[in-house]
Amino acid sequence: MNTSTLIKKAQFENGTMFETNEDMLFVLQLNGSWYEMGQQYGALSKEHMQAMYDVLVQPEFDKGLISQAKAFELFGSRVFASLSLRRKQYFQGVADALNWSVEKVIVLDQSGPMAIYLGKLHSFSGCSSLATWGESTNNENTVVGRNMDWNELFLDFPIYTTVYNPTDGSNSVVNVSWPGWTWMVTGFNDQGVYTDLHDGTSMGGNIVSIEKPSFLNSVFDYMTESDTAEALSARFQAARTDIASIWMVADKDGQACAYENTIQENRRRVSEKGANSFVTVNTFLNPDWGLGMRETQSFSLKRLENLNARHDDHKGDIDAQVMRDIFDLPLYDEDGNFKENGGVTKPTNQDVDLTNYQVVADLNELQMWVKLPALGEESDWAHIDVKSLFNKA
């Protein structure tokens, strides 16, 4: 079963916030110029953004880990200066609606990289993704499943599924993330191109290269401008990243790959010839690194094994429902052992993280399902008709 009701909660100009049947899941539909969409986001998310700032940013100042002035310089004005005009206009709109400085808005947006810089964060998450297409699915559509695994701290904040409908000719984009974190995390555009972020610090190091622009925000730009996975991949090839990360890329035509990025270089990993599936986890799997197969604290290799096995169990019959079933399977049993024929999901923290949210998407139909499994057994998949929200009103 999955719910699909959107109930209008608030509106600001041409932007709307909807409630869903899940208390901690909201859908935002933003329409207009990038500045106008920034204003809409800021006005609709003010309460939640303030709560995020109070928990993620302000304690860093209060504990003396970094001064506000230094944070606003390194992770505010420095980042803003190297953003695209699109992103600058967007963040200025958010700031104006909140009556915050633009530096404050961007410091919240960059509070993850800032935590790495301060040596506090060992990883973004222990995420897992599976893309399937062609003969693996029952209609040859590309279907993607994704777990965002991280920290209990984030259970106090709602999840936003935000739809951006720009009027400048750019692609519409949907992004699933927390309030105030508007860089690309999990989502797709109206051309059926998908990407998601995985932690790469366990492979590429806990380092922030402050002389580079925010790659997290650059990827958002790429999504607004790329009509195929190949085009998006080319943008990754031409960039250098400021933090170690892993990105899965896929599209409606059955193209998929991953980028394993350090601050020195980006390396592309592709599926085997003739394959109809591709799995991404939090370890570098491109053999060119010379690292071998390395396990992580969040058991990336076990999750890789499970997703490949569950894909093979259902090969030829996979659709969005089967993908949801696969991602409903837990990694552990009740005794804390790896579950026999298990999956990748962690409703509770039994190693170093838990599953904060899950996404399943059909890239041909532009449909999305989101679930918050850590909130308990009563949590269910919420269906979001993204295609209908991509209306560029």
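Residues numbered from 1 in each chain as written. Predicted model: local features only at pLDDT ≥ 70, side-chain atom pairs only at ≥ 80, totals over all residues. Heavy atoms only, no water.

Draft legend 1. Structural context of the overall build of the chain. Counting its regular elements, the chain contains 12 helices and 17 strands. What you see for the chain is a C-alpha radius of gyration of 19 Å, in line with the 21 Å of a compact globule of 393 residues. Counting only C-alpha atoms, the chain reaches 55 × 45 × 40 Å along its principal axes. Each of the 393 residues in the chain was classed as buried or not, and the buried ones make up 61%. Across the chain, contacts joining residues at least 24 apart in sequence account for 62% of those joining residues at least 6 apart. For the chain, the computed accessible surface area is about 14500 Å², with 44% contributed by carbon and sulfur atoms. (Helix = DSSP H or I, 4+ residues; strand = E, 2+ residues; numbered from the N terminus. Rg over C-alpha atoms; globule rule 2.2 N^0.38 Å. Buried < 20%, exposed > 50% of the residue type's maximum accessible area, 1.4 Å probe, protein only. Contact = heavy atoms within 4.5 Å. Areas by Shrake-Rupley, 256 points an atom, 1.4 Å probe, with all protein chains shown as cover.)

Draft legend 2. Summary view of the pattern of salt bridges. In the structure shown here, the tally under the stated rule is 12 salt bridges. A salt bridge links Glu 265 to Arg 267; the shortest N-O distance between them is 3.0 Å. Shared partners join several salt bridges into a network, and the residues in it are Arg 86, Asp 221, Glu 225 and Arg 235. (Salt bridge = Lys/Arg side-chain N within 4 Å of Asp/Glu carboxyl O.)

Draft legend 3. A look at the packing of helix H1 (residues 34–56) against helix H4 (residues 85–98). At a closest axis distance of 6 Å, the pairing of H1 and H4 adopts a crossing angle of 45°. One element, H1, and the other, H4, form an angle in the oblique class. As H1 runs across H4, the sense of the crossing is right-handed. Residues Trp 34, Tyr 35, Met 37, Gly 38, Gln 39, Tyr 41, Gly 42, Ala 43, Lys 46 and Met 49 of H1 form the contact with H4, whose participating residues are Arg 86, Gln 89, Tyr 90, Gln 92, Gly 93, Val 94, Asp 96, Ala 97 and Leu 98. The residue inventory of the contact of H1 with H4, partitioned by class, reads 10 nonpolar, six polar and three charged. (Axes fitted to C-alpha atoms, helices over the stretch in contact; angles between N-to-C directions. Parallel < 35°, antiparallel > 145°, perpendicular 65-115°, else oblique. Left-handed = near helix turned anticlockwise from the far one by under 90°. Nonpolar A, V, L, I, M, F, W, Y, C, P; charged D, E, K, R; others polar.)

Draft legend 4. Examining the sheet that holds strand S8 (residues 173–177) more closely. Reading across the sheet, the 10 strands line up as S2-S3-S4-S7-S8-S9-S10-S11-S12-S13 and stay open at both edges, with mixed pairing between neighbours. Looking at which strands have only one partner, the edges of the open sheet turn out to be strand S2 (7–12) and strand S13 (266–270). Taken pair by pair, the neighbouring strands of this sheet meet at an average axis angle of 20°, ignoring direction. Here strand S11 (residues 245–251) runs beside strand S12 (residues 256–261); their pairing, made up of six bridges, is antiparallel. (Pairing = 2+ DSSP bridges.)

Draft legend 5. Local environment of empty space enclosed by the protein. Scanning the model with the defined rule gives three cavities of 30 Å³ or more in all. By volume, the largest cavity amounts to about 60 Å³. What lines the largest cavity is simply Met 24, Phe 154, Leu 155, Phe 157, Ile 159, Trp 178, Asn 356, Leu 372 and Leu 375. Considered class by class, the residues forming the lining of the largest cavity number eight nonpolar, one polar and no charged. (1 Å grid on protein atoms, 1.4 Å probe; cavity = no way out; pocket = protein on both sides within 12 Å on 5 of 7 lines; lining within 4 Å. Points joined across faces, edges and corners; volume = space filled by probe spheres on them.)

Draft legend 6. Region of the structure containing the side chain of Ser 298. Mapped onto the secondary structure, Ser 298 falls in the loop between strand S14 (277–280) and helix H10 (300–314). Setting aside anything within four residues of it in sequence, one finds Ser 298 in contact with Gly 126, Asn 282, Arg 303, Lys 346, Asp 351, Val 352 and Asp 353.

Draft legend 7. Local environment of the packing of aromatic side chains. In the structure shown here, the tally under the stated rule is 30 aromatic pairs. Ring geometry for Trp 34 against Phe 220: centres 5.9 Å apart, planes inclined by 80°, an arrangement best described as edge-to-face. With Trp 34 in helix H1 and Phe 220 in helix H8 (residues 215–225), this pair connects stretches of sequence that are 186 residues apart. Exposure remark for Phe 220: the relative accessible area of 0% places this residue in the buried category. Consider the rings of Phe 154 and Trp 178, whose centres lie 4.7 Å apart with planes at 50°: the pair is tilted. Of this pair, Phe 154 sits in the loop between strand S6 (140–150) and strand S7 (159–166) while Trp 178 is found in the loop between S8 and strand S9 (186–189), placing the two residues 24 residues apart along the sequence. Aromatic rings pair up to connect Phe 26, Trp 34, Tyr 41, Tyr 90, Phe 91, Tyr 160, Tyr 164 and Phe 220 into one cluster. (Phe/Tyr/Trp six-rings, centres within 6.5 Å; stacked < 30°, edge-to-face > 60°.)

Draft legend 8. Broad picture of the nonpolar core. Tyr 41, Trp 178, Trp 181, Phe 188, Phe 236 and Tyr 357 are the most contacted members of the largest nonpolar core, which has 95 residues in total. Here this core takes eight residues from H1, the largest share from any one element. Those residues in contact with Tyr 357, other than ones at most four positions away along the chain, are Arg 146, Asn 147, Met 148, Ile 159, Val 176, Ser 177, Trp 178, Val 185, Thr 186, Lys 371, Leu 372 and Pro 373. Residues Val 143, Leu 307, Met 323 and Ile 326 belong to the second largest nonpolar core, which totals 18 residues. (Core = buried A, V, L, I, M, F, W, Y, C linked by side-chain atoms within 4.5 Å.)

Draft legend 9. Representation of the side chain of Thr 296 in the model. Topologically, Thr 296 is positioned in the loop between S14 and H10. Note on Thr 296: relative accessible area 10%, which makes it buried. A polar atom in the side chain of Thr 296 sits 2.6 Å from the side chain of Ser 300. Here Thr 296 is in contact with Ser 202, Met 203, Asn 282, Thr 283 and Arg 303, once residues within four sequence places are set aside. (Polar contact = N/O pair within 3.5 Å; in protein donor to acceptor, adjacent residues only side chain to side chain.)

Spatial relationships are all this shows, so hold off on functional conclusions.
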